[in-house]
Amino acid sequence: MANHKSAKSRIVRNNKRAVINGARRSRVRTFIKKVEAAIVAGDKELANSSFKIAESEMMKAVRKGVFKMNTAARKVSRLSQKIKAL
């Protein structure tokens, strides 16, 4: 257990941030799944519109520090390739 007041407050803050970051990560994954579902269904228009939203969410997560830039860029690139292949 933490001995200093600052260490105790960091534990509390880190737990709060973990919950928030987990929610953000889950939100991004949900949007990615929507794009992938549209790709599997073969609906290019729905895939494009879902992709736009998913890309925006991924970049927002990058700005908040949930994902690294290269990770988000790789995911965007791969989704984009799948959509173009439709």
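The structure contained in this document is the topic of the report that follows. Please read all numbers here as calculations on a predicted model, not as lab measurements.

1. Structural notes on the overall build of the protein
Looking only at helices and strands, one finds three helices and zero strands in the protein. From first element to last, N terminus to C terminus, the protein shows the α and β order α-α-α. On C-alpha atoms alone, the protein measures out to a radius of gyration of 17 Å, which is more than a quarter above the 12 Å that the 2.2 N^0.38 rule sets for 86 residues. Taken along the three principal axes of its C-alpha coordinates, the protein extends 60 × 20 × 15 Å. By the burial criterion, 27% of the 86 residues in the protein qualify as buried. Of the contacts made within the protein by residues no fewer than 6 positions apart, 55% connect residues no fewer than 24 positions apart. Entry remark: accessible area of the protein is about 6300 Å², with carbon and sulfur atoms responsible for 53%. In the protein, 23 positive and 5 negative side-chain charges are present, and the distance between their average locations comes to 17 Å.

2. Quick notes on the packing of helix H2 (residues 44-64) against helix H3 (residues 69-84)
At their nearest, the axes of H2 and H3 sit 10 Å apart, and the two run at 175 degrees to each other. Here H2 is positioned roughly antiparallel relative to H3, judged by the angle of their axes. Packed against H2, whose contacting residues are Lys44, Ala47, Asn48, Phe51, Glu55, Met58, Met59 and Val62, the element H3 presents Met69, Ala72, Ala73, Lys75, Val76, Leu79, Ser80, Ile83 and Lys84 at the interface.

3. Regarding the nonpolar core
In terms of nonpolar packing, the biggest core is built from 18 residues, with Val35, Met58 and Leu79 touching the most fellow members. Mapped onto this core, the elements with two or more residues apiece are helix H1 (5-41), H2 and H3. Every residue in contact with valine 35, bar those within four places of it in the chain, is listed here: Ala47, Ser50, Phe51, Ala54, Leu79 and Ile83.

4. What to know about the pattern of salt bridges
Evaluated as defined, the whole model comprises two salt bridges. Taking the shortest distance from any N to any O, the salt bridge between arginine 27 and glutamate 57 comes out at 2.9 Å. Here the residue arginine 27 occupies a position in helix H1, and glutamate 57 occupies one in helix H2, the gap between them amounting to 30 residues. In this structure arginine 27 comes out as partly exposed when scored by relative accessible area, which is 44%. The closest approach of N and O atoms between glutamate 57 and lysine 60, which form a salt bridge, is 3.9 Å. Here the residue glutamate 57 and the residue lysine 60 both occupy positions in helix H2, the gap between them amounting to three residues, near one helical turn. Of the residues examined, glutamate 57 reaches a relative accessible area of 9% and is grouped as buried. Of the residues examined, lysine 60 reaches a relative accessible area of 34% and is grouped as partly exposed. Here the residues in one salt-bridge network are Arg27, Glu57 and Lys60, joined through shared partners.

Calculation notes
- Residues numbered from 1 in each chain as written.
- Predicted model: local features only at pLDDT ≥ 70, side-chain atom pairs only at ≥ 80, totals over all residues.
- Heavy atoms only, no water.
- Helix = DSSP H or I, 4+ residues; strand = E, 2+ residues; numbered from the N terminus.
- Rg over C-alpha atoms; globule rule 2.2 N^0.38 Å.
- Buried < 20%, exposed > 50% of the residue type's maximum accessible area, 1.4 Å probe, protein only.
- Contact = heavy atoms within 4.5 Å.
- Areas by Shrake-Rupley, 256 points an atom, 1.4 Å probe, with all protein chains shown as cover.
- Lys, Arg positive; Asp, Glu negative; His and termini not counted.
- Charge placed at Lys NZ, Arg CZ, Asp CG, Glu CD.
- Axes fitted to C-alpha atoms, helices over the stretch in contact; angles between N-to-C directions.
- Parallel < 35°, antiparallel > 145°, perpendicular 65-115°, else oblique.
- Core = buried A, V, L, I, M, F, W, Y, C linked by side-chain atoms within 4.5 Å.
- Salt bridge = Lys/Arg side-chain N within 4 Å of Asp/Glu carboxyl O.

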